[in-house]
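# What the coordinates show
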Amino acid sequence: MKKSQGKKIVTAVAVLLILALVGITQTHKCIPTLSSSLMPSQKQEKTIELIAHRGLSSLFPQNTLPAFEAAAQAGYYAIELDIHTTADGEWVVIHNDTVDDMTDGSGKVSDFTLDEIKALTIDNGNGVKNLPALTIPALSEVLALCSERNIVPVIEIKSCDSACIPMLTEAIEEYGLSEKAVIISFEKEYLGIYREISPDTRIMLLCEKPTMEDVAFCTENGFGLDFKYSSLLSCRKAINEAKKQGLSLGAWTVDNTIYADIMARSGIDFITTNKILPA
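Here's a quick rundown of the structure.

### Remarks on the environment of A72
- Within the fold, A72 resides in helix α2 (residues 65-74).
- Along the primary structure A72 and I151 are separated by 79 residues, whereas in three dimensions their C-alpha atoms are 6.4 Å apart.
- Apart from the residues lying within four places of it in its own chain, the contact partners of A72 are R149 and I151.

### Some words on a negative patch on the surface
- On the surface, a cluster of negative charge is made up of D88, E90, D115 and E116.
- If you trace the backbone, D115 turns up in helix α3 (residues 114-118).

### Section: the pairing of strand β5 (residues 182-185)
- Along β5, one buried face is formed by V182 and I184 and the opposite face, lined by I183 and S185, is buried too.
- Across three bridges, the pairing between strand β4 (residues 152-157) and β5 is parallel. Residue pairing across strands places V154 opposite V182, the latter belonging to β5.
- Sheet topology places β5 next to strand β6 (residues 202-207); four bridges connect them, and they run parallel. From the neighbouring strand, I184 faces β6, where its bridge partner is M204.
- With helix α6 (residues 188-197) bridging β5 and its parallel neighbour β6, the resulting β-α-β unit is right-handed.

### Remarks on the packing of helix α5 (residues 165-174) against α6
- The N-to-C vectors of α5 and α6 enclose an angle of 55 degrees; their axes lie 10 Å apart at closest approach. Comparing their axes, α6 and α5 come out oblique. Relative to α6, the crossing made by α5 is right-handed. Counted together, I165, P166, L168, T169 and I172 of α5 and Y190, I193, Y194 and I197 of α6 form the full contact between these two elements.

### Looking at the packing of α2 against helix α4 (residues 139-149)
- Orientation of α2 relative to α4, taken along the N-to-C sense of each, is 15 degrees, at an axis distance of 11 Å. By the angle class used here, α2 and α4 are roughly parallel. You can see that α2 and α4 cross each other, and the crossing is right-handed. Contact with α2, carried on its side by L65, F68, E69, A72 and Q73, involves E141, V142, L145 and R149 of α4 and no other residues of that element.
- Each residue belonging to the contact of α2 with α4 can be placed in one class, and the counts come to five nonpolar, one polar and three charged.

### Observations regarding the side chain of T103
- Of note, T103 is situated in the loop between β3 (91-93) and α3.
- Classification of T103 by relative accessible area gives buried; the value is 3%.
- Here V99 takes part through its backbone oxygen, which lies 2.8 Å from a polar atom of the side chain of T103.
- Look past the residues within four positions of T103 in its chain and what remains in contact with it is L120, T121, I122, D123 and I136.

### Quick notes on the pairing of strand β9 (residues 270-273)
- Because side chains alternate across β9, one face comprises the buried residues F270 and T272, and the other comprises I271 and T273, equally buried.
- Looking at chain direction, strand β1 (residues 49-53) and β9 are connected through four bridges and run parallel. Each residue of the ladder has a partner; that of A52, found in β9, is T273.
- Bridge count between strand β8 (residues 249-252) and β9: two bridges; the pairing is parallel. When the bridges of β9 are listed, A251 appears paired with I271.
- Traced from β8 through helix α9 (residues 257-265) to β9, the parallel crossover comes out right-handed.

### Brief notes about the nonpolar core
- If you look at the biggest cluster of nonpolar residues, it comprises 62 residues, and the most contacted ones within it are I79, L81, I83, I172, V254, M263 and I271.
- If near-sequence neighbours (up to four positions away) are discounted, I172 is found in contact with L143, I155, L177, S178, A181, I183 and Y194.
- In this structure, V92, V99, I117 and I122 belong to the second largest nonpolar core, which totals 14 residues.

### Structural notes on helix α7 (residues 212-221)
- Among the residues of α7, those classed as buried are D214, V215, F217 and C218. Down the axis of α7, the sector holding all buried residues measures 160 degrees, keeping them to one side. Projecting away from the buried face of α7 at angles above 90 degrees are the exposed residues E213 and E220.
- The inward-facing, buried residues of α7 contact α6, β6, β7 (224-228) and α8 (236-244).

The rules behind these values
- Counting from 1, residues in each chain are numbered in the order their sequence is written.
- Reporting in this predicted model follows two pLDDT cut-offs: at least 70 for local features of residues, and 80 or more for side-chain atom pairs to be given and counted; totals over whole chains, interfaces and linings ignore these cut-offs and use all residues.
- Computation of side-chain values covers all heavy atoms of the structure but excludes hydrogens and water.
- Comment: elements are numbered from the N terminus, with helices defined as DSSP H or I runs of at least four residues and strands as E runs of at least two.
- Whether two residues are in contact is decided by their heavy atoms: any pair within 4.5 Å suffices.
- Patch construction takes residues with relative accessible area above 30% that form no salt bridge. Like charges are linked within 9 Å, and nonpolar side chains (Val, Leu, Ile, Met, Phe, Trp, Tyr) are linked within 5 Å.
- Note on areas: Shrake-Rupley with a 1.4 Å probe; residue coverage comes only from the protein chains shown.
- Here, a salt bridge means any Lys or Arg side-chain nitrogen found within 4 Å of an Asp or Glu carboxyl oxygen.
- Lys and Arg are tallied as positive, Asp and Glu as negative. Neither His nor the chain termini are counted.
- Note on charges: their place is set at NZ of Lys, CZ of Arg, CG of Asp or CD of Glu.
- Exposed residues in this analysis have more than 50% of their type's maximum accessible area, buried residues have under 20%, and partly exposed residues fall in between, with area computed by a 1.4 Å probe over protein chains only.
- In this analysis, strands are considered paired if DSSP registers two or more bridges between them.
- Assignment of crossover handedness uses the view with strands pointing away from the viewer, where a clockwise path from the first strand over the helix to the second indicates a right-handed crossover.
- Convention adopted: a line fitted to C-alpha atoms gives each axis, helices being fitted over their contacting stretch, and angles between N-to-C directions are expressed from 0 to 180 degrees.
- Angle categories are assigned with fixed cut-offs, so that under 35 degrees is roughly parallel, over 145 is roughly antiparallel, 65 to 115 is roughly perpendicular, and the rest are oblique.
- We call a crossing left-handed when the near helix sits turned anticlockwise from the far one by less than a right angle, and right-handed when that turn is clockwise.
- Under this grouping Gly is polar, as are all residues other than the nonpolar Ala, Val, Leu, Ile, Met, Phe, Trp, Tyr, Cys and Pro and the charged Asp, Glu, Lys and Arg.
- For this analysis, a polar contact is any N or O atom pair within 3.5 Å, provided that within protein one partner can donate a hydrogen and the other can accept it, and provided that sequence-adjacent residues contribute only side-chain to side-chain pairs.
- The criterion is simple. A nonpolar core is a set of buried Ala, Val, Leu, Ile, Met, Phe, Trp, Tyr and Cys residues joined through side-chain atoms within 4.5 Å.
- Directions pointing from the helix axis toward each C-beta atom define the arc.

Here it is as structure tokens:
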């Protein structure tokens, strides 16, 4: 009897995953629009907070002020943004460590001064043709928007001079966001430095496939755990341990409402998304 029930459970999970994968394929074929069909199911057992991945990047160039403003207007809980340091030690908001993919320039972010970065024009991304004078934002511009619009900044430290991390904490404090901001990174070193400077800031470790060692590290340091959504089943032992330890849990990048429902039923607190809209 137990074996039969086990087979039924395995079959049910397999069917659910197949449906989810089909849904993801269909979602990615769609032209992104502000549609109610991309809103989470009302049948969720808990409310998941939605984080706009690099702003509302399905409609505007990622990591730009228009993308962040649109996310705030759409009612997202938070915006996720990526930061690097420039040659003169300033924080700028861009995903890659080079400017090549997003601008008319070429080279590493760390080789440009802030003024040189601001002189470049963004020429790639959704809706960029309607924004001909768009530039890479300084972190201070995004923090000012978050403060004004009352939206949570989820700040991913990508590559940086670690000596600039104290300046990051100061910038967040300047805009009154110390109790609201969330700091995330794949780099444990950056997170450790930030925690020493700011004991009360919310911090989450980014993991593609979380391990028990990652959970122990987060538990020891008071961090949350933010994992790639597709590892929910393959890394369920670590994720269950994280829940047992009371860690804050996030999943990235969830662009399908079926998976959003699965995350909700699995006790995940946040999802980062390119397309799902707040209800």
